[in-house]
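Structural overview for review
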Amino acid sequence: MDSVAKSFLAEIERFLETAGLEPTTLGKQALGDPSFVFDLRKGRSPSTRTIGKLRVWMQQQNALSKPAASTAPAPLTGETTKVANPAKHDLTHLERLEAESIHIIREVAAECEKPVMLYSIGKDSAVMLHLALKAFYPSKPPFPLMHVDTGWKFQDMYKLRDETVKKGGWDLISYKNPEGVAKNVNPFDHGSALHTQIMKTDGLKQALDKYGFDAAFGGARRDEEKSRAKERIFSFRDSRHRWDPKNQRPELWNLYNARKNKGESIRVFPLSNWTELDIWQYIYRENIEIVPLYFAAERPIVWRDGQMIMVDDDRMRLNPGEKPEMRKVRFRTLGCYPLTGAIDSTATSLLDIVEEMLVATSSERQGRVIDKDAAASMEKKKQEGYF
Amino acid sequence: MTRFIEFTGGDVEAYLHAQEQKDLLRFITCGSVDDGKSTLIGRLLYEAKMLFEDQLTALEADSKKMGTQGGNLDFALLVDGLAAEREQGITIDVAYRAFTTDKRKFIVADTPGHEQYTRNMATGGSTADLAIILMDARKGVLTQTRRHTFICTLLGIRHLVVAVNKMDLMGFDQDVFRKIEEDYRAFAKSIGADDVTVIPVSALMGDNMIDRSLNMPWYHGPTLMAHLETVPVGDDLETKPFRLPVQWVNRPNQNFRGFSGTIVSGKVKPGDAIKVLPSARTSTVERVVTYGGDLEEGIAGQSLTITLKDEIDISRGDVICAANDPVEVSDQFQVEILWMSDEPMLPGRPYLFKSSTKTVPGTLDDLKYKVNVNTMEHVAAKTLTLNEIGVCNLELDTPIAFAPYLENRHLGSFIIIDRFTNNTVGMGLIRFALRRAANIHWQAVDVHKNARAAIAGQKPAVLWFTGLSGAGKSTIANLVEKQLHAAGHMTYLLDGDNVRHGLNRDLGFTDADRVENIRRVGEVSKLMVDAGLLVLVSFISPFKSERLMARELMDEGEFIEIFVDTSLAEAEKRDVKGLYAKARRGEIEHFTGISSPYEKPENPEIRVDTSKLTPEGAADVIVQYLKDAGRLTKA
């Protein structure tokens, strides 16, 4: 059977399904040949004339059935009119997202010379690591993890990081910008912007250059922020790690072009199409371990610029007269503790968190001090080499 | 206002379960900012409660600063994420947004509408199940509407929704809408887009977006959201034969050798017989392995790993298929190309082609034509420039396993990569293979055509007699067949009489039917050649391109073109069947030589000049040619 006939048959099958027609009815009414569809299925090649004739007929039927359906207002809340097919079990959206992410992670492993997975210890990272384990099972993922450490993460984060690495048998590279360390760069003396620039953005660039990684996985999602919504899954950086949003490669189907020029590197975002709810749902379904800071507990906090900042260790500088108070709080995102705002919460389980999120009125990045500048803040940071 | 993620407290686990069971619809929006496209998406997100308070606050601030809606919320600002876009009020790139209603999950790709962003639209459309084509009720069907529809159809997007926007500016007039709908349907029909829904809306005011418009009581179809929530999603991929393109060979140790990939169609379970293409090796599935444990059955869409009972050589780029229904293998295809680079496409220049998980070098041949995306006309062209669409042949250095795009998006699509800049410079869709690669046995049968032919002491071939009606083709072919038969060879003669009365009796004599006529005869000859026969085809076959098509179906040396060269005057003088006389009287339309052209072969294997040779003499020449060419091996 030739391709013309095959695609035409597919067209007919679709029509039959949507119209709920019997093949014999179609053949008889359109061409006076009840066995037409059966013959086609058996491999008959119809003439261009027959194809044309049948197409016109199907279009007429479509046109006829549309007004008929619209004489009664379509139900806005009725059941979906999914065609029942007992032999078929569709993948759920979460299964589709999982399969897509695994496909992306494997493509990188197959096409890039020296990939690395960035591990920020947050919930998205946790999901990404889990997907990497799944992608290559029973092999170990053929790349190491890298944590760009600012030195100011929550203690609970370091703890989970070390446990996760041990449990998964991962190789971990922990990198701290030595210049920043030497100059004792910190959020208190240098402010959030400079601290982030030196310890996070510069630190990341140095680490990638030092080890010669040509591709780095990150856990960013498109629903987090407007400029991320426009970023490709395979996002190229020039030799200075800059992102050029106006000159991104077209990304078609699931065909990723991982070929790069000398000096270029790729940031790969396998979770691009996930939403915050998807992440929580997946953590729940797969029983993935996350940092306890996501759950509410009594924690010592102080108020800074309208945000609740947790006093995680004794490096936290208190202003004169400032006294930490104990409060039941949790975190929606995790970063450097002096730069991460907590929220009041009583959510002590995953289900509580999801419930809280469903009634939430602010987006998750609200707790991040670094996004607060101009509207284009993230886009600018990314152009400068921020992940 | 409808609240979509309706969560009113209570059982979170049950809620999560319900969320998880939802399916996913991916769609794109095509149209320009003037049509209110970003407003439409912003409105959907807003109405679906996908915006948080801080985002709304930011939107209010932005609306005051840059908004075009005089103090009202400017939903477009939500979507146009890049700074340059916000400044210029246009959409440059594709933006992806996810949102959920209580029926379904959605991922929408917001794509730019201007012609210079056709490639961005194709990017968004390549993964979409549905497209919303926006148009302005004040303007009706425009060139860009036609272009968008054409590209969506090209990409095989199944469901088209036309949102006739800004109905508020036309006083919600029914006649305006009906006229536009009629125009559009007429156009869509002409390019074969058959699943079309047309909805009158006002994205700015919310009419027919989520809730039924009170301003348009005359409209009884679904609202935009109701349609998005109920259109059938998914595909029938699971019911098609099993195909797994190998992404990664999974070899943790000496005892395990698995093949990881995403199933692009069908299902697989232990015990299934498989065949690996292009190598055509066969084995049986042993296990279907995932991190969560072995599966009883893997289905289309899943990323997993399979192991086989036999140790056979398989690498990345191979496709594991159902043994009884494998994919095709070829290195030459007819393809449709959309060019995406500022540097024009150059026929003959080597590019890299990535299809599925395989990347191979190859070249694009001269263009057959390019498509004027505004008028759908086919235009002769030497190259394609940015955003242009054309049809040409693709020749790969190595054969690949594939399926036509309309059958399977995953196995019929490819990207074109420039070898020097490494950029993705184009995208393509495989229409069909031109011939199967000579060194590939797609069906590794034990009795192949050479074995069959050897019994009769011959190598199979097609003797393709072409020439004017009455030139003497059938007479000569008949004499040749007699000689061959007498020498003990297996032959068959196909001519107009025995084919047009049966196989092709549904065809007339228009150009399109003549093409189809020759295509079928070519395919039948191919089967007969495969059966080991010497096939004599006696057809006028007036067009070069169709004779070439038939030639390309055969292996090297199998196609012998014989031009029975008789002048029109001479043929008309003989007029054995009285056809010329009839044609001259205008009683026969499309008569070759009189009212339809005959394109002479330029380099036929054999040219028979009937003014110099008798039919018997011509037959001798032809039989001698076969002997010299080694087609007759019997002494």
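Residues numbered from 1 in each chain as written. Chains lettered and ligands numbered in written order. Predicted model: local features only at pLDDT ≥ 70, side-chain atom pairs only at ≥ 80, totals over all residues. Heavy atoms only, no water.

Focus on the overall build of chain B
Rules: To qualify as a helix, a DSSP run of H or I must reach at least 4 residues; to qualify as a strand, a run of E must reach at least 2; elements of each kind are numbered from the N terminus. Buried means the residue's accessible area, taken with a 1.4 Å probe over protein chains only, is under 20% of the maximum for its type, while exposed means over 50%, and partly exposed covers the values in between. Throughout, a residue-residue contact means that at least one pair of heavy atoms, one from each residue, lies within 4.5 Å. Each accessible area is a Shrake-Rupley estimate made with a 1.4 Å probe; only the visible protein chains count as cover when residues are assessed.
Counting its secondary structure elements, chain B contains 18 helices and 27 strands. For chain B, the proportion of its 635 residues judged to be buried stands at 57%. A separation threshold of at least 6 residues defines the contact pool for chain B, and within that pool the share at least 24 residues apart is 72%. Summing over all exposed atoms, chain B offers an accessible surface of approximately 25,400 Å²; the carbon and sulfur share of this is 50%.

Describing the overall build of chain A
Helix and strand counts for chain A come out as twelve helices and ten strands. When the 387 residues of chain A are sorted by exposure, 56% land in the buried category. Long-range pairs, those at least 24 residues apart, make up 71% of the contacts in chain A with a sequence separation of at least 6. Carbon and sulfur atoms provide 51% of the accessible area of chain A, an area that totals close to 16,200 Å².

Regarding helix H1 (residues 12-21) of chain B
Under the convention used in this document: Comment: arc refers to directions from the helix axis out to C-beta atoms.
For H1(B), the set of buried residues is B:Val12, B:Tyr15, B:Leu16, B:Gln19 and B:Glu20. Within H1(B), the buried residues cover an arc of 135° as seen down the axis, which keeps them to one side. On its buried face, H1(B) is in contact with helix H5 (93-111), helix H10 (276-286) and helix H11 (350-358) of chain A together with strand E2 (95-100) and strand E3 (105-110) of chain B.

What about the packing of aromatic side chains?
All names here are of chain A. What counts, and what does not: Stacked, tilted and edge-to-face are the three classes assigned to paired rings of Phe, Tyr and Trp, where Trp is represented by its six-membered ring and a pair needs centres within 6.5 Å; plane angles under 30 degrees give stacked, over 60 edge-to-face, the rest tilted.
If you walk through the whole model with that rule in mind, you get 26 aromatic pairs over all chains. Ring centres 5.0 Å apart and planes at 45° place the aromatic pair phenylalanine 143 and phenylalanine 217 in the tilted group. Of the two residues, phenylalanine 143 is situated in the loop between helix H6 (123-136) and strand E2 (145-148) and phenylalanine 217 in strand E4 (residues 215-217); the sequence distance between them amounts to 74 residues. Per residue, the accessibility class of phenylalanine 143 equals that of phenylalanine 217, and both read buried.

Looking at the side chain of B:Thr29
Residues and elements named next belong to chain B. To keep it simple, the criterion reads: We define a polar contact as two N or O atoms separated by no more than 3.5 Å, with the added condition that, inside protein, one atom must be a possible hydrogen donor and the other a possible acceptor, whereas residues neighbouring each other in sequence contribute only through side-chain atom pairs.
Within the secondary structure, threonine 29 sits in strand E1 (residues 24-30). Taking relative accessible area as the criterion, threonine 29 reaches 0% and is therefore assigned buried. Of the polar contacts made by the side chain of threonine 29, one reaches the side chain of aspartate 110; its length is 3.3 Å. With sequence-adjacent residues up to four places away left out, threonine 29 is seen in contact with Lys37, Leu40, Ile41, Val108, Ala109, Asp110, Thr111 and Ile132.

Remarks on the nonpolar core
Stated formally: Buried residues of nine kinds, namely Ala, Val, Leu, Ile, Met, Phe, Trp, Tyr and Cys, make up a nonpolar core once their side-chain atoms join them within 4.5 Å.
Counting residues in hydrophobic clusters, the biggest one holds 79 residues, and the most contacted among them are B:Phe27 and B:Ile132. Ranked by size, the runner-up nonpolar core spans 74 residues in total, among them A:Leu271, A:Trp274, A:Val302 and A:Met357.

Quick look at the pattern of salt bridges
Pairing is possible between side chains that carry opposite charge, provided their charged atoms lie close to one another. Condition: Here a salt bridge means any side-chain nitrogen of Lys or Arg lying within 4 Å of a carboxyl oxygen belonging to Asp or Glu.
A complete count under the given rule lists 53 salt bridges over all chains for this structure. The partner of B:Lys544 in a salt bridge is B:Glu602, and the shortest N-O contact between them spans 2.8 Å. Within this pair, whereas B:Lys544 is found in helix H15 (residues 544-553), its partner B:Glu602 is found in the loop between helix H17 (579-584) and strand E27 (606-609), the two being separated by 58 residues in sequence. Under the relative-accessibility criterion, B:Lys544 is labelled partly exposed at 36%. The salt bridge involving B:Glu570 is made with B:Arg574; its shortest N-O contact spans 3.2 Å. Of this pair, B:Glu570 and B:Arg574 both sit in helix H16 (residues 568-574), four residues apart, which is roughly one turn of that helix. Look at B:Glu570 and you get partly exposed, because its relative accessible area is 29%. Here B:Arg574 falls in the partly exposed class, since its relative accessible area comes to 34%. Each of A:Glu98, A:Lys134, A:Arg285 and A:Glu286 takes part in one network of salt bridges that share partners.

Notes on the side chain of B:Thr466
Residues and elements named next belong to chain B. Among the secondary structure elements, threonine 466 is positioned in strand E23 (residues 461-466). A polar contact of 2.8 Å, which involves the side chain of threonine 466, links it to the backbone oxygen of isoleucine 540. Within the structure, threonine 466 has its side chain in polar contact with the side chain of tyrosine 598 (distance 2.7 Å). Once residues lying within four places of it in the same chain are set aside, the contact partners of threonine 466 are Lys473, Phe539, Ile540, Ser541, Arg547, Glu561, Ile562, Phe563, Val564, Tyr598 and Pro601.

Digging into the sheet that holds strand E5 (residues 159-165) of chain B
Residue and element names in this part refer to chain B. Basically, it comes down to this: DSSP calls a pair of strands paired once it identifies at least 2 bridges connecting them. To obtain an axis, a line is fitted to C-alpha atoms, over the contacting stretch when the element is a helix, and the angle between two such axes runs from 0 to 180 degrees between their N-to-C directions.
As summarised here, the arrangement of the six strands in space is E2-E3-E1-E4-E5-E6, forming an open sheet in which the pairing is mixed. The open sheet has two edge strands with one neighbour each: E2 and strand E6 (196-200). Pairs of neighbouring strands in the sheet enclose a mean axial angle of 25°, with direction left out of account.

Topic: the packing of H6(A) against H10(A)
Two numbers describe a pair of packed helices, the interaxial angle and the distance between the axes. Residues and elements named next belong to chain A. Formally: When an angle is under 35 degrees it counts as roughly parallel; over 145 it counts as roughly antiparallel; between 65 and 115 it counts as roughly perpendicular; any other value is oblique. Handedness of a crossing follows from how the near helix is turned relative to the far one, being left-handed for an anticlockwise turn of less than a right angle and right-handed for a clockwise one. Residue polarity is assigned by list, with Asp, Glu, Lys and Arg as charged and Ala, Val, Leu, Ile, Met, Phe, Trp, Tyr, Cys and Pro as nonpolar; anything else, Gly included, falls into the polar class.
Two elements in contact, H6 and H10, have axes whose closest approach is 10 Å; the angle formed by their N-to-C orientations is 55°. By the angle between their axes, H6 is oblique relative to H10. The two elements H6 and H10 meet at a crossing, and its hand is left-handed. Across from Lys123, Asp124, Val127, His130, Leu131 and Lys134 in H6, the residues of H10 making contact are Glu276, Ile279, Trp280, Tyr282, Ile283, Arg285 and Glu286. Taken together, the residues that form the contact of H6 with H10 break down as six nonpolar, one polar and six charged.

Description of the sheet that holds strand E9 (residues 256-262) of chain B
If you walk across this open sheet you meet the seven strands as E7-E15-E11-E12-E14-E9-E8 (chain B), and the pairing is antiparallel. Lying at the two open borders of the sheet, with one neighbouring strand each, are strand E7 (243-245) and strand E8 (248-253) of chain B. Ignoring which end each strand starts from, the neighbouring axes of this sheet average 40° apart. As defined by bridge partners, strand E11 (residues 273-277) of chain B adjoins strand E15 (residues 319-322) of chain B across four bridges and the pair is classed as antiparallel. The residue of E15(B) that forms the bridge with B:Val276 is B:Ile320. Relative to the sheet, H5(A) contacts E8, E9 and strand E14 (303-308) of chain B, its axis offset from that of E14(B) by approximately 65°.

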